[in-house]
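# Architecture and fold: a report
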Amino acid sequence: AGDDTHAEAVAQDLVEDTGFIALAAGSLEDSWRQQPGTPAYCTELTLPELKMALEAADKVRAPQNRDALIAKFMVPGSQFTDEQIVATNRARTA
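Residues numbered from 1 in each chain as written. Predicted model: local features only at pLDDT ≥ 70, side-chain atom pairs only at ≥ 80, totals over all residues. Heavy atoms only, no water.

## Considerations on the environment of Lys59
Mapped onto the elements of the fold, Lys59 is located in the loop between α2 (47-56) and α3 (61-73). On the basis of relative accessible area, Lys59 is assigned to the exposed category, the value being 54%. For the pair Lys59 and Asp4, spaced 55 residues apart in the sequence, the C-alpha separation amounts to 23 Å. (Helix = DSSP H or I, 4+ residues; strand = E, 2+ residues; numbered from the N terminus. Buried < 20%, exposed > 50% of the residue type's maximum accessible area, 1.4 Å probe, protein only.)

Structural data, given as structure tokens:
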């Protein structure tokens with residue numbers, strides 16, 4: 001996400017140079033759509049799924065989801081695999 005098209009192009013090139021596919025995700029004002037607590041955050045989505053997740057983000061629910069996820073992950077003694085983290089994020093933000 002960004003408001004400077006040149007800076008966005010540079011960032012996209014850097015992402016693609018590392019072997020990933022970059023997605024222009026809108027303005028900085030809309031960047032909350034990819035923050036913790038939203039369907040796009042930490043859910044390992046395909047490009048089409050990511051586009052849908054960004055559109056599905058709910059600005060009111062995002063902080064509530066984020067706080068609930070942090071509470072779950074921070075329980076003393078808890079250990080999660082990458083797969084469990086992704087599944088937990090997907091289940092909470094769906």
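## Remarks on unusual backbone geometry
Even without being glycine, Cys42 reaches a positive phi, approximately 55 degrees. Mapped onto the elements of the fold, Cys42 is located in the loop between α1 (5-17) and α2. In the Ramachandran plot, Glu44 falls in the positive-phi region, its phi being about 45 degrees despite a non-glycine side chain. Its place among the elements puts Glu44 in the loop between α1 and α2.

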